[in-house]
Structures are given as C-alpha cells and as structure tokens.
Amino acid sequence: MCSRIIGISDIHGEYEKLSSVLEKVCPQKEDTIVFMGDYIDRGAKSRQVVDKLIDMQNYCNCVYLIGSHEYALLHAETDDYYNYLFWNYGGDKTAESYGGFEKIFQVHGDFFNALKPYYLTENYLFVHAGIRIGIDLKDQDLTDIVYIRSEFYNREHDLPQKIIFGHTEFDKPQVQKDKICIDTGCGKYKDAHLTAIVITDGVESFVTSD
C-alpha cells in the first residue's frame, strides 16, 4: 500500500468531528498526518482533541504545526494583546476542558511548546495560515505563518510547492493552482464540517466529518 499525506486543520475542540474524519481516513503506519494548527478553543473538548492527536503517533507518522490559537495561548501570559485574543476567541472553553488555564501547560505544555511552523515536502508546503509572498521560507515571520490572510490568499506565490493551508474558513475547500485551503469552519459554525485533504501519489481528495 502506498503512503499518503493527510492534512487536517482548524479542529477547534470538536473531538467528535476529528474522530469522524480519522475513522474515514483510516490512517496506516506508512501514512503521514500533518495537523495544521488551531486544535483548541471554541469547541468543548480541546483537551480530548490534543490527547487524540498525541495518541495518533501510535498509528502513523504525525507532524504538529502551530496555529493562531496556539500562538495566542503561548503568549497569553506575557502579552496583553494575545491574552485578549485567547480569552475572546474561545479560550474559555479550552481552560474549562483542562480544569483551569494553568493546567493547560501542566498537561500538554510540552506538546504546545514543540509545535512546528510548517512542514515541507518536495511537492507540498503545509502551513496554518500562509506565508508572506516574496520572502524566503527560512525568513518568514511566525506571526505571518499563523495569522496572514488576504495578502497571501489573493496572490500567487513563487514556491515550487503547492501550499496546503487553513485559518481562513470557506464553505468548501478552496482549490487554486498554487494553493488549497481546507478550513471549512469547524468549531466556528455549529453545522460546519471538519475537512481533511488526502494526497495519494499526487492525487488530492477530501474527506469531511459526519
């Protein structure tokens, strides 16, 4: 069986939707899942989501990227702006799921502090929000990687890889010749699905939660 690359972004505490997608994808040991950030906030089960992500290492290769909500979490105690973002964009649900803000880091501090900015292969770049076009990948600002929107989305980039990203939600995956957005509003809208991209020998398909 050939290996696949699977991308999943913007789960936002929706444990049941994550479980639905993973059951449909049925990851094998040869596969790589790139979890592309925004695991927490809004939904009621952020802690369970992170536990599930960590557990998936027992079944396949896993890569964990940082999203805008994890960035805000990591800076909430030292920066008033990110403290505001965390608590006003669903962080209260995350704190509740852990039994208090301080317990987030007691339980999963190592996980959150080890999140990577991007995942690069020969043909694809996985990133949470996008990149600042015209700047070398190694010189990208992390805040752009997790927060950028239209400056990236509305312009064609010059990298040889197709970019797979989330962060900016749409009703369905947005497929352009140089980039694909897979954020379909999970956690932000009650009836929104979680969407995964599955890449098999360069063929891209999508799997959505029930």
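Each remark here, short or long, concerns the structure printed above.
Residues numbered from 1 in each chain as written. Predicted model: local features only at pLDDT ≥ 70, side-chain atom pairs only at ≥ 80, totals over all residues. Heavy atoms only, no water.

K.L.:
Would you explain the sheet that holds strand β7 (residues 174-175) in this entry?
P.N.:
Strand pairing in a sheet relies on backbone hydrogen bonds, with the paired strands running either antiparallel or parallel. With mixed pairing, five strands are arranged side by side in an open sheet as β4-β5-β6-β8-β7. Two strands lie at the open edges of the sheet, namely β4 (118-120) and β7, each paired on one side alone. Across three bridges, the pairing between strand β5 (residues 124-127) and strand β6 (residues 162-165) is parallel. By the bridge assignment for β6, Phe126 is matched with Ile164. (Pairing = 2+ DSSP bridges. Helix = DSSP H or I, 4+ residues; strand = E, 2+ residues; numbered from the N terminus.)

K.L.:
What exactly am I supposed to notice about empty space enclosed by the protein here?
P.N.:
With a probe scaled to a water molecule rolled over the atoms, the places where space remains empty come into view. Inspection of the entire model under this criterion finds one cavity of 30 Å³ or more. Here the largest cavity defines a volume of roughly 30 Å³. (1 Å grid on protein atoms, 1.4 Å probe; cavity = no way out; pocket = protein on both sides within 12 Å on 5 of 7 lines; lining within 4 Å. Points joined across faces, edges and corners; volume = space filled by probe spheres on them.)

K.L.:
What exactly am I supposed to notice about the packing of helix α2 (residues 46-55) against helix α5 (residues 91-98) here?
P.N.:
For any two helices packed against each other, the geometry comes down to the angle between their axes and how far apart the axes lie. Where α2 meets α5, the closest approach of the two axes is 7 Å, and the angle between their N-to-C directions is 70°. By the criterion of interaxial angle, the relationship of α2 to α5 is roughly perpendicular. Along the contact surface, α2 presents Ser46, Arg47, Gln48 and Val50, while α5 presents Thr94, Ser97 and Tyr98. A class-by-class count of the residues in the contact of α2 with α5 yields two nonpolar, four polar and one charged. (Axes fitted to C-alpha atoms, helices over the stretch in contact; angles between N-to-C directions. Parallel < 35°, antiparallel > 145°, perpendicular 65-115°, else oblique. Contact = heavy atoms within 4.5 Å. Nonpolar A, V, L, I, M, F, W, Y, C, P; charged D, E, K, R; others polar.)

K.L.:
Explanation requested: the packing of aromatic side chains in the structure shown.
P.N.:
Taken as a whole and assessed by the stated rule, the structure comprises 17 aromatic pairs. Measuring from ring centre to ring centre gives 5.8 Å for Trp87 and Phe101, while their planes differ by 40°; the resulting arrangement is tilted. Taken together, the residues Trp87 in helix α4 (residues 80-88) and Phe101 in helix α6 (residues 101-113) connect sequence positions 14 residues apart. On the basis of an interplanar angle of 45° and a centroid distance of 6.1 Å, the ring pair of Tyr119 and Phe126 is categorised as tilted. Judged by its relative accessible area of 0%, Phe126 falls in the buried class. (Phe/Tyr/Trp six-rings, centres within 6.5 Å; stacked < 30°, edge-to-face > 60°. Buried < 20%, exposed > 50% of the residue type's maximum accessible area, 1.4 Å probe, protein only.)

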